Amino acid sequence: MSTLEEQIDVRVPSDVAWDCLHRVETYPQFLEGVREARSQGGHGAHLDVDAGGRAQELEAEITDRSKANTMEWQTTKGPDLAGTFSLLPIDRTHTRVQARIEYDPGTVKEAFGGPRGFAQATAIERLVRNDLERFKELVEGEWSTA
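Here's a quick rundown of the structure. Values in this document were obtained by computation on a predicted structure and should not be read as measured data.

## Things to note about the overall build of the protein chain
Move 1: Along its length, the protein chain carries 4 helices and 7 strands.
Move 2: Ordered by position from the N terminus, the helices and strands of the protein chain form the series β-α-α-β-β-β-β-β-β-α-α.
Move 3: Counted over contacts in the protein chain with a minimum sequence separation of 6, partners at least 24 positions apart contribute 48%.
Move 4: Total accessible area computed for the protein chain in this model is approximately 8000 Å², and 49% of it derives from carbon and sulfur atoms.

Here you go:
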């Protein structure tokens with residue numbers, strides 16, 4: 001398994017970022033390739049994804065560790081992926097969002113296409129960085145109009 005870690009600081013309190021992460025229906029607004037997302041039961045999510053021109057369906061189980069401000073997820077259908085989002089309050093109105101993604105490079109290549117090796121790691125890093133930037137825009141935009 002390979003691990004990727006990225007982080008971004010957002011200008012919102014941690015509870016605002018936490019709420020946004022838990023609104024599965026907003027995932028298409030900040031996760032590249034996600035066309036539709038919906039909650040399933042108390043801790044599940046279903047995502048319709050366009051990956052390298054191919055439609056994929058992913059299902060994930062989400063586990064909250066709210067006291068630690070951490071949301072963990074693991075795919076239960078689709079390629080084997082897992083990760084965490086941790087929220088670290090910087091002050092009353094700023095939060096650091098840390099994303100950690102665990103993936104098998106061969107599985108990602110098979111499921112989504114694209115490059116292998118270092119080029120694949122660079123592409124995934126860029127994707128996660130861009131997703132965090134879009135999350136920042138979304139959560140800060142929503143909070144400033146609230």
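Next comes the rest of the account.
## Topic: unusual backbone geometry
Move 1: Non-glycine residue Asn69 carries a positive phi angle of around 50°.
Move 2: By secondary structure assignment, the location of Asn69 is in the loop between strand 4 (54-65) and strand 5 (70-77).

## Examining the pairing of strand 2 (residues 34-40)
Move 1: Taken together, the 6 bridges between strand 2 and strand 3 (residues 44-51) define a ladder with antiparallel strand orientation. When the bridges of strand 3 are listed, Ala37 appears paired with Leu47.
Move 2: Connecting strand 2 to the antiparallel partner strand 3 that follows it, the hairpin turn spans 3 residues, and Gly41 within it adopts a positive phi of roughly 65°.

## A word on the packing of aromatic side chains
Move 1: All told, the structure shown has 2 aromatic pairs when counted by the stated rule.
Move 2: Judged by centre distance (5.6 Å) and plane angle (70°), the rings of Tyr27 and Phe30 are edge-to-face. Of this pair, Tyr27 and Phe30 both sit in helix 2 (residues 27-30), 3 residues apart, which is roughly one turn of that helix.
Move 3: Under the relative-accessibility criterion, Phe30 is labelled buried at 3%.
Move 4: Among the aromatic side chains, those forming a connected cluster through ring pairs are Tyr27, Phe30 and Phe135.

## Concerning the nonpolar core
Move 1: Among the nonpolar cores identified, the biggest contains 34 residues, and Tyr27, Val97 and Phe135 are the most heavily contacted of them.
Move 2: For Tyr27, the residues in contact, after removing those within four places along its chain, are Leu21, Val34, Ala37, Leu47, Ile62 and Met71.

## Some remarks on the pairing of strand 3
Regular strands have side chains that alternate between both faces of the sheet.
Move 1: Here strand 3 lies mainly inside the structure; 7 of its 8 residues are buried.
Move 2: Pairing geometry for strand 3 and strand 4, over 8 bridges, is antiparallel. Across the sheet, the residue bridging to Leu47 is Leu58, located in strand 4.
Move 3: The hairpin formed by strand 3 and strand 4 contains 2 residues between the paired strands, and Gly52 there has a positive phi angle of roughly 60°.

Cut-off values and rules
Residues numbered from 1 in each chain as written. Predicted model: local features only at pLDDT ≥ 70, side-chain atom pairs only at ≥ 80, totals over all residues. Heavy atoms only, no water. Helix = DSSP H or I, 4+ residues; strand = E, 2+ residues; numbered from the N terminus. Contact = heavy atoms within 4.5 Å. Areas by Shrake-Rupley, 256 points an atom, 1.4 Å probe, with all protein chains shown as cover. Pairing = 2+ DSSP bridges. Phe/Tyr/Trp six-rings, centres within 6.5 Å; stacked < 30°, edge-to-face > 60°. Buried < 20%, exposed > 50% of the residue type's maximum accessible area, 1.4 Å probe, protein only. Core = buried A, V, L, I, M, F, W, Y, C linked by side-chain atoms within 4.5 Å.

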